[in-house]
Amino acid sequence: MNNTHSFSAAASRRFDQHGIANAPRFGGEITDRRYNLIGNQFPRGFFQFGGRATAFPGQVNSTGDSFASGLLGWITEATRSLGLPSVQFRQRSPHAYVEDTWKVSPKLTMNLGLRYDYIWNAFAQDAKLEPWQFAGRDQDTNNIQPRLGFAYSLDDNTVLRGGAGIYYSDVILAGLL
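Note that the coordinates shown come from a computational prediction; the quantities given were computed from them, not determined experimentally.

Colleague: Help me understand the environment of Ile75 in this model?
Modeller: Of note, Ile75 is situated in the loop between helix H1 (66-71) and strand S4 (77-79). A sequence separation of 22 residues divides Ile75 from Ala53, and the C-alpha atoms of the two residues are 9.3 Å apart. Each residue touching Ile75, except ones within four places of it in the same chain, is listed here: Phe47, Gln48 and Phe49.

Next up, the structure:
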């Protein structure tokens, strides 16, 4: 059974009578992920058939049929996994954010924020996926993520909204969940 538990909290202060924010909004989250992997890649085996057994002599690369070679019993590769591994990945990550909103004009509102994610005991810390990820990684502590957003009122019925930001995720985690 795979589980993800989250606890979130946020706080903000109300606007004063002139519509000016007294303080930015801030909050945080703690996420606990539990991913249980039971099984292997080739529990029943894997067979690869090439076309060499049915190819014309001297034209091995351009003729032959792998399905026909398989029917004849000519196997190029056979793979079998032994055992049934059981892997339990665990990860607990704290997150924090702060954001503020400014009404620049009657038609334009801007939002600026900053989020921090601490990837604590990342899944498969010693796994490698070269050339993108190497084994023995340090704890991921530099995930500062700025955010910027806006809302512009074109008329009474139309609002144009947009935003941009930097987002981080654990490389191994992204493929598991």
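After that view, the rundown keeps rolling.
Colleague: How do you make sense of the environment of Trp74 when you look at a structure like this?
Modeller: With respect to the helices and strands, Trp74 occurs in the loop between H1 and S4. Taking the C-alpha atoms as reference points, Trp74 and Ala53, separated by 21 residues in sequence, lie 6.6 Å from one another. Those residues in contact with Trp74, other than ones at most four positions away along the chain, are Phe49, Ala53 and Ser69.

Colleague: What is the right way to look at the side chain of Thr31 in this model?
Modeller: If you trace the backbone, Thr31 turns up in strand S2 (residues 25-38). Polar side-chain contacts of Thr31 include one of 3.3 Å to the side chain of Glu29. A distance of 3.3 Å separates a polar atom in the side chain of Thr31 from a polar atom in the side chain of His95.

Colleague: What is the right way to read the pattern of salt bridges from this model?
Modeller: Pairing between side chains of opposite charge can happen when the charged atoms of each approach one another. Under the definition given, this model contains three salt bridges. One salt bridge connects Glu99 with Arg25, and the closest N-O pair in it is separated by 3.2 Å. Residue Glu99 is located in strand S5 (residues 86-103), and its partner Arg25 is located in strand S2; the two are separated by 74 residues in the primary sequence. For Glu99, a relative accessible area of 26% gives the class partly exposed. In this structure, Asp117 engages Arg115 in a salt bridge whose closest nitrogen and oxygen atoms are separated by 3.0 Å. For Asp117, a relative accessible area of 6% puts it in the buried group.

Colleague: Help me out: how do you make sense of the environment of Asp32 in this one?
Modeller: Among the secondary structure elements, Asp32 is positioned in strand S2. Owing to a relative accessible area of 12%, Asp32 belongs among the buried residues under this scheme.

Colleague: Just checking my understanding: could you explain the pairing of strand S8 (residues 159-165) for this structure?
Modeller: Side-chain direction in a regular strand flips from residue to residue, so the side chains alternate between the two faces of the sheet. For strand S7 (residues 140-153) and S8, the ladder comprises seven bridges, and the chain directions are antiparallel. Paired with Phe150 across the two strands is Gly162, which belongs to S8. Hairpin connection between S7 and S8: a loop of five residues separates the two successive antiparallel strands.

Colleague: I'm lost on a nonpolar patch on the surface in this one. Help?
Modeller: A cluster of nonpolar side chains, namely Phe26, Val98, Leu114, Tyr116 and Ile144, defines an oily patch on the protein surface of about 440 Å² accessible area. Along the chain, the position of Tyr116 falls in strand S6 (residues 108-119).

Colleague: Would you mind going over the side chain of Gln145 with me for this structure?
Modeller: Note that Gln145 resides in strand S7. Using a relative accessible area of 1% as the deciding quantity, one classes Gln145 as buried. Here the side chain of Gln145 touches Arg147 through a polar contact of 3.1 Å, side chain to side chain. Look past the residues within four positions of Gln145 in its chain and what remains in contact with it is Gly113, Leu114, Arg115, Tyr116, Asp117, Ile166, Tyr167 and Tyr168.

Colleague: Can you walk me through the confidence of the model for the protein chain in this structure?
Modeller: For residues with low pLDDT, the predicted coordinates do not support detailed interpretation. A residue-level look at the protein chain finds 72% of positions with pLDDT of 70 or above and a mean pLDDT of 78. Confidence, expressed as mean pLDDT per element, reaches its minimum in the protein chain at helix H2 (residues 171-176) with 48 and its maximum at S8 with 96. Predicted confidence for residues 172-177 stays below pLDDT 50, and this span has 13 contacts to residues more than four positions away or in other chains.

Cut-off values and rules
- Residues numbered from 1 in each chain as written.
- Predicted model: local features only at pLDDT ≥ 70, side-chain atom pairs only at ≥ 80, totals over all residues.
- Heavy atoms only, no water.
- Helix = DSSP H or I, 4+ residues; strand = E, 2+ residues; numbered from the N terminus.
- Contact = heavy atoms within 4.5 Å.
- Polar contact = N/O pair within 3.5 Å; in protein donor to acceptor, adjacent residues only side chain to side chain.
- Salt bridge = Lys/Arg side-chain N within 4 Å of Asp/Glu carboxyl O.
- Buried < 20%, exposed > 50% of the residue type's maximum accessible area, 1.4 Å probe, protein only.
- Pairing = 2+ DSSP bridges.
- Patch = residues over 30% accessible without salt bridge, like charges linked within 9 Å, V, L, I, M, F, W, Y side chains within 5 Å.
- Areas by Shrake-Rupley, 256 points an atom, 1.4 Å probe, with all protein chains shown as cover.
- pLDDT = per-residue confidence, 0-100.

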